[in-house]
Every structure is written in structure tokens, then in C-alpha cells.
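# Chains, contacts and geometry: an overview
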Amino acid sequence: MTIDAQFLRQRLESGASVDVRGDGKAGGGLVLVMQSFGAALATHPELDVQDWPLFSSARKGANVRAYLRLARGEVLTACQITSPTVAVLMNEAAGEEVDFAEGTHEALYVVNTPASPEEAAQKYRLGGRVVTVSADQLGQKYLGRPLGNVGVLAALVHATGFVSPDAGLESLLHVMKKRRIPQRLVDQNAELFRAALTESRVGDFPADPSTDHRRPAAHPKTDVPAGAQSALRTSRKNRTSGYGRPGVRVEFHDETNRCNGCSLCVVACPEGIIEFTPDPRGALVTGAKFDDFCKVCRECIASCPLDLFHEVETPMRREGVLESA
Ligand code: SF4
Ligand code: SF4
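Residues numbered from 1 in each chain as written. Chains lettered and ligands numbered in written order. Predicted model: local features only at pLDDT ≥ 70, side-chain atom pairs only at ≥ 80, totals over all residues. Heavy atoms only, no water.

## Observations concerning the overall build of the protein chain
Our working definition: Helical segments are the DSSP runs of H or I of at least four residues, strand segments are the runs of E of at least two, and each set is numbered from the N terminus. Here's how the labels work: a residue is buried when its accessible area is under 20% of the maximum for its type, exposed when over 50%, partly exposed in between, all with a 1.4 Å probe on protein chains only. Only heavy atoms enter the contact rule, under which two residues are in contact if any of them lie within 4.5 Å. Accessible surface area values rest on a Shrake-Rupley calculation with a 1.4 Å probe, where residue burial reflects the displayed protein chains alone.
Of the regular secondary structure elements, the protein chain holds 14 helices and 11 strands. Per-residue burial for the protein chain yields a buried fraction of 50% across its 325 residues. In the protein chain, 69% of the contacts between residues at least 6 apart in sequence involve partners at least 24 apart. Within the structure as shown, the protein chain displays about 15,700 Å² of accessible surface, and the carbon and sulfur contribution to it stands at 50%.

In C-alpha cells form, the structure reads like this:
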């Protein structure tokens, strides 16, 4: 099976959605790619498009992920994309830390790399169609810095064939103008986009057991995806523990065992440090390893419907050390 533009079109015609997932680094332009691509698709009268980035407590350099789902008629599903039809790797450094092909066996892959499709397929164990574009180098050439987003957008437009290159470029320029990017930079990006259309390379590779990136389904109650976002956002890999503000910390209090096991905090904690006991009701939370990489992002506080997590001041703050500093 060739995962090309025709395959994707047939998929839409059969009533299925085409699910696009992108992995990159915060500040690398992944959102611009998805917004521009989504806006170009949305001009098609028969297509419905949904796109959103997964951010949170991430800063420049942290891994980020974005989703875009399209279908004929109306997109009815609104969950994260776990088995993408099209997987985009915006930044190879992100590919070192997360499996950008996770959930796929055979798909269309767009990779920002100077490597050939064969080399990329081998490195990331990919089956299906692999499109590579040396987008960072194009960024260096046209913008004076290795910014790969526009090159990746061009390769994505070209590889999927849903919209013409002109429509893809027009959408990009529109998004850039809305962001008040200076005209000189907009023109340079347009040149870069055109160059990337011709410089992307394509290879088709058979799917086999080694290209299988699917995982067995988790049990919804007992296999809680602890720290579901961890691979994307942990301090250890992304060095975001600097978010832990001095003078405050988070505590968990549930003296009367009110925790209902909803698991929301367990899934929301980007560090995977919430401690719980599996129970038929779900994950009964007993506390968290707050001293181990808690970055006081407050996601547990925001997610708990019973207000069992609290931000408290530490002695340093109470003694007025910060106030007088
Ligand atoms: S504040 Fe809560 S969600 Fe954030 S890292 Fe600490 S324990 Fe996890
Ligand atoms: S969000 Fe609150 S109620 Fe739900 S599992 Fe966590 S601590 Fe328990």
C-alpha cells in the first residue's frame, strides 16, 4: 500500500478522517505550520478541520506536540491523536526524546532532516511513505537562521496534496501578516517555501514488524497513563524544573479519603510524580513526590475537582526573605 495523496483522498472519501500529528520544540514554529496548513484546508468547501497544539508548562526548547484532524462533512471526534495518518517531525532533537511515529505501523511521515528518506526510515523505523526536507538548512539559507517550520509546511502541503502549493503559500502569508511579521521576512519565507517544494525527497518503504509503533491498549481504569505527558514535558528531558518558583510548593491533603479516583491529576501531572493505588474506582491518590521534580506548574491543582492539592508558601517566603530581597 502506498501512503500517498491518492490514499489520503480515498480515506476522506470513505468517510474516515485524516489525522495529522506533529512533534517539535517550543519556539520552533510547529504551531505556525499547523495553523497555516489548517487554514489552507479550511478553505476547501467540503472539508472540516480541527487543530490544536498541546502546550502547558513548556518553554522554549521543551518538546511540544500539535494535532490536526480533517474530514469531509464534520469532524466529530475531539480527542488527542494517538494513531496518526500523517506524522510530522519538526525537530530531530524532539525525535530523540519522543517517538514521533508512536501509534503508527504504516503512515505518511514528514521529517525535517538533511538525511535521505532511506536513512530516516531506517533511523526511526518507518514503513509507508517518508518525505524528508532539509528545512533547517533552507532556513539558514533564506532567513539566516536554522528555522525549519516553513520548509516543513511546504513538504507537508506537497506530500498530502489536499491543497495546491499556491493555496498553502497564500495561507502561510496570511498567517504571517496576521502575526505582524515584517514584509521583508514574509518575502524571504515565501522564497523558502517555494524552494522547499522542490527540495523535499520521497521514499516508499514496506511496513514490517520492526515498523510497528503501536502499543497495546491501556485499561481505562487500572492502567492509568501516569504522567501521560511526561515524555513530552518532563523536567528531566526539557529542563523545565526552573518553573518551580522559590517560596512556594504544592501539597496534597486528603485526611478524610475524599479522592474519587478520577485520575485527572495523574494524567495532568507532566512529571508523573503523583502517587496512587489502583482501585476498581480508578486511581486513588495518596500524595506525590513533590520534592522530586515538582515544578509547581499547578496542573494538579487545576485538574482536581475536589481541591485536594494546594499551593502553600514555604518558610523562606513566610519569613519575608523574598519580599525583602
Ligand atoms: S504542581 Fe502538581 S502537576 Fe505540576 S509537577 Fe507538581 S505535582 Fe505535578
Ligand atoms: S484529581 Fe483529585 S479526586 Fe481525582 S484522582 Fe486526583 S486527587 Fe483524586
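This is not the end of the story, as more comes after the structure.
## As for helix α8 (residues 183-199)
The line we're drawing: The span one expects for a helix is its residue count, reduced by one, times 1.5 Å.
The first and last C-alpha atoms of α8 sit 24 Å apart over 17 residues, in line with the 24 Å expected at 1.5 Å per residue. Taken as a whole, α8 has its buried residues at Val186, Asn189, Ala190, Leu192, Phe193, Ala195, Ala196 and Leu197. Elements in contact with the buried residues of α8: β6 (128-133), α5 (135-143), α6 (149-160) and α7 (165-178).

## Focus: unusual backbone geometry
Positive phi outside glycine occurs at Asn257, with the angle close to 50°. Its place among the elements puts Asn257 in the loop between β8 (248-252) and α11 (264-268). Assessed through its relative accessible area of 66%, Asn257 is described here as exposed. Of note in this structure, Ser263 is not a glycine but carries a positive phi near 75°.

## Here we look at the site of ligand 1
This is how the line gets drawn: The criterion for a residue being near a molecule or strand is simple. One of its heavy atoms has to lie within 4 Å of it. Three residue categories are used. Nonpolar comprises Ala, Val, Leu, Ile, Met, Phe, Trp, Tyr, Cys and Pro, charged comprises Asp, Glu, Lys and Arg, and polar comprises the others, including Gly.
Inspection of the region around ligand 1 gives 13 residues, with Cys269, Cys294, Cys297, Arg298 and Cys300 positioned closest. Class assignment for the residues of the shell around ligand 1 results in nine nonpolar, no polar and four charged.

## Remarks on the site of ligand 2
Taken together, the neighbourhood of ligand 2 is formed by 14 residues, with Cys259, Asn260, Cys262, Cys265 and Cys304 sitting nearest. Among the residues forming the shell around ligand 2, the class breakdown is 11 nonpolar, three polar and no charged.

## What about the side chain of Thr314?
Here Thr314 lies in the loop between β11 (309-313) and α13 (315-318). Look past the residues within four positions of Thr314 in its chain and what remains in contact with it is Gly247, Val248 and Arg249.

## What about the pattern of salt bridges?
Going by this rule: We define a salt bridge as a side-chain nitrogen of Lys or Arg found within 4 Å of a carboxyl oxygen belonging to Asp or Glu.
On inspection of all chains with the given rule, the structure shows 12 salt bridges. The shortest N-O distance in the salt bridge between Glu96 and Lys123 comes to 3.6 Å. One end of the pair, Glu96, is in helix α3 (residues 92-97); the other, Lys123, is in helix α4 (residues 117-124), and 27 residues separate them in sequence. A relative accessible area of 57% places Glu96 in the exposed class. Its salt-bridge partner being Arg298, residue Glu311 comes within 2.6 Å of it at the nearest N-O pair. With Glu311 in strand β11 and Arg298 in the loop between β10 (282-288) and α12 (299-303), this pair connects stretches of sequence that are 13 residues apart. We classify Glu311 as partly exposed; its relative accessible area is 29%.

Geometric values such as these leave the question of function open.
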